[in-house]
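A look at the structure
Given next are the chains, with one letter for each unit.
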Amino acid sequence: MSQHLLEPEAREHHHHAAPGRRHHPDDEQLILTEFDPDKVIDHLEPEESAIDLITFGTVRETCPKCQHAHLKLVLRQRRVRLAHLFCADCLSCFDAHYSNGKSALTI
């Protein structure tokens, strides 16, 4: 399991936050912890079979392994045990939490 610390993106101060989006000024540093995909997703088919996952949008963070693909949010569903961020390019799964320990993936 590896951890990656993401620095907050530079933001211009005159922009307003999107309505409904929580802003965490004291815990801006986002920490991504890589999950073993087998611990997050149930693989019931042979390894060559594709798994149908429903993603709920692309987030601004890029994959710390690929360093170019934006991560996708995957919430709990039929074969997904834990909400996580997913890289469609390298097939990596990540937990996301702030430096104070609060999960970034809770609603």
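For the structure itself, consult the block above.
We now turn to the structure provided with this report.

Definitions and limits used
- Residues numbered from 1 in each chain as written.
- Predicted model: local features only at pLDDT ≥ 70, side-chain atom pairs only at ≥ 80, totals over all residues.
- Heavy atoms only, no water.
- Salt bridge = Lys/Arg side-chain N within 4 Å of Asp/Glu carboxyl O.
- Helix = DSSP H or I, 4+ residues; strand = E, 2+ residues; numbered from the N terminus.
- Buried < 20%, exposed > 50% of the residue type's maximum accessible area, 1.4 Å probe, protein only.
- Pairing = 2+ DSSP bridges.
- Core = buried A, V, L, I, M, F, W, Y, C linked by side-chain atoms within 4.5 Å.
- Contact = heavy atoms within 4.5 Å.
- Disulfide = S-S within 2.5 Å.

1. Here we look at the pattern of salt bridges
- In the structure shown here, the tally under the stated rule is 2 salt bridges.
- Here Glu34 and Lys65 are joined by a salt bridge, their closest N and O atoms 3.0 Å apart. Pair noted here: Glu34 is in strand E2 (residues 30–35) and Lys65 is in the loop between strand E3 (58–62) and strand E4 (70–74), with a separation of 31 residues, a long-range link.
- By relative accessible area, which is 17% here, Glu34 ends up buried.
- We classify Lys65 as partly exposed; its relative accessible area is 45%.
- Between Arg60 and Glu61 there is a salt bridge, with the nearest N and O atoms lying 3.1 Å from each other.

2. Some points on the pairing of E4
- Bridge analysis of E3 against E4 gives 2 bridges, and the strand direction is antiparallel. Its bridge partner lying in E4, Thr62 is registered against His70.
- For E4 and strand E5 (residues 84–86), the ladder comprises 3 bridges, and the chain directions are antiparallel. The residue bridging Val74 from the neighbouring strand is His84, located in E5.

3. Description of the nonpolar core
- Counting residues in hydrophobic clusters, the biggest one holds 12 residues: Leu30, Leu32, Cys63, Ala69, Leu71, Leu73, Leu85, Cys87, Phe94, Ala96, Tyr98 and Leu105.
- Elements with a contribution of two residues or more to this core: E2, E4 and strand E6 (93–98).
- Here this core gets 3 residues from one element, more than from any other, and that element is E6.
- With residues near it in sequence (within four places) discarded, Cys63 still touches His68, Ala69, Leu71, Cys87, Cys90 and Phe94.

4. Focus on the state of the cysteines
- Under the defined criterion, the tally for this structure stands at 0 disulfides.
- Free cysteine: Cys66, not disulfide-bonded; nearest cysteine sulfur from Cys90 at 3.5 Å.
- There is no disulfide at Cys87, and the cysteine sulfur nearest it, in Cys90, is 3.7 Å away.

5. A look at unusual backbone geometry
- Even without being glycine, Gln67 reaches a positive phi, approximately 65 degrees.
- Along the chain, Gln67 falls in the loop between E3 and E4.
- One non-glycine residue, Leu91, lies in positive phi territory at about 65 degrees.
- Its place among the elements puts Leu91 in the loop between E5 and E6.

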